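Chain by chain, the residues run as shown.
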Amino acid sequence: MFASKRLAKELQKLHDKLPPGITLVKADDLQEWIMDIRVVDNNPIYVGEVYRLKFTFSQSYPIEAPEVVFVRDETHPIPWHPHIYSNGIICLDLLDRQGWSPVHNVESVCVSLQSMLTSNTKKERPEGDDNFVRNNRLRPRDINFIFHDNQV
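Predicted model, so just to flag it, every value in this text is computed and none were measured.

Here the focus is the overall build of the chain. Counting its regular elements, the chain contains three helices and four strands. Starting at the N terminus and ending at the C terminus, the chain contains elements arranged as α-β-β-β-β-α-α. In terms of overall size, the chain behaves like a compact globule, its C-alpha atoms giving a radius of gyration of 15 Å where 152 residues would be expected to give roughly 15 Å. Projecting the C-alpha coordinates of the chain onto the three principal axes gives extents of approximately 40 × 30 × 30 Å. Across the 152 residues that make up the chain, the buried fraction comes to 47%. By sequence separation, contacts in the chain at least 24 residues apart represent 61% of the contacts at least 6 residues apart. When the accessible surface of the chain is totalled, it reaches about 8700 Å², and 49% of it is carbon and sulfur. Positive and negative side-chain charges in the chain, numbering 18 and 21 respectively, have mean positions lying 3 Å apart.

Structural data, given as structure tokens:
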């Protein structure tokens, strides 16, 4: 019940006004939303690219973080970043159990991801990307990432 009220409120705000480079693509229900983001500065790694995010909400939202992944389709690649796996899973403390706070919302997650991309200088995947993508069977919210790099 609380998740539904909170998401309805957020959805209304997203329909009213979004920060530059963020677009609401689909929010037909209160379980899964699709957002597009683009980097609005001139970072050469991301110029001209639009990235698609899928938000999946549990009944415990906003107490529990949404599950957020980049999704690839014919016009949306997975961004190159040392904290983004080639399957779209994002290693970001904000999306982790310990880093999440109910004051965050869909817009703040999108802005944080924009910022993460804007500040990146390395066109690379996380160490062990191939092995992780091949062998991981956990949902993103169930992965226990170890956060040790605040430089990217």
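Turning to the state of the cysteines, a few remarks are in order. Enumeration over the complete set of coordinates arrives at zero disulfides. For the unlinked cysteine cysteine 91, the closest cysteine sulfur is that of cysteine 110, found at 18 Å. We classify cysteine 91 as buried; its relative accessible area is 12%.

The omega angle of the peptide bond from tyrosine 61 to proline 62 is 10°, so this bond is cis rather than trans. Mapped onto the elements of the fold, proline 62 is located in the loop between strand E3 (51-56) and strand E4 (67-71).

Right, let's talk about the environment of tryptophan 33 for a bit. Assignment of secondary structure puts tryptophan 33 in strand E2 (residues 32-37). Classification of tryptophan 33 as buried rests on a relative accessible area of 0%. Once the C-alpha coordinates of tryptophan 33 and methionine 116 are considered, the two residues, 83 residues apart in sequence, prove to be 21 Å apart. Apart from residues lying up to four places away in sequence, tryptophan 33 is in contact with Leu7, Glu10, Leu11, Leu14, Lys26, Ala27, Leu53, Lys54, Phe55, Phe57 and Val106. Within the structure, tryptophan 33 has its side chain in polar contact with the backbone oxygen of aspartate 29 (distance 2.7 Å).

Conventions and cut-offs
- Residues numbered from 1 in each chain as written.
- Predicted model: local features only at pLDDT ≥ 70, side-chain atom pairs only at ≥ 80, totals over all residues.
- Heavy atoms only, no water.
- Helix = DSSP H or I, 4+ residues; strand = E, 2+ residues; numbered from the N terminus.
- Rg over C-alpha atoms; globule rule 2.2 N^0.38 Å.
- Buried < 20%, exposed > 50% of the residue type's maximum accessible area, 1.4 Å probe, protein only.
- Contact = heavy atoms within 4.5 Å.
- Areas by Shrake-Rupley, 256 points an atom, 1.4 Å probe, with all protein chains shown as cover.
- Lys, Arg positive; Asp, Glu negative; His and termini not counted.
- Charge placed at Lys NZ, Arg CZ, Asp CG, Glu CD.
- Disulfide = S-S within 2.5 Å.
- Polar contact = N/O pair within 3.5 Å; in protein donor to acceptor, adjacent residues only side chain to side chain.

Worth remembering: the numbers are spatial, not functional.
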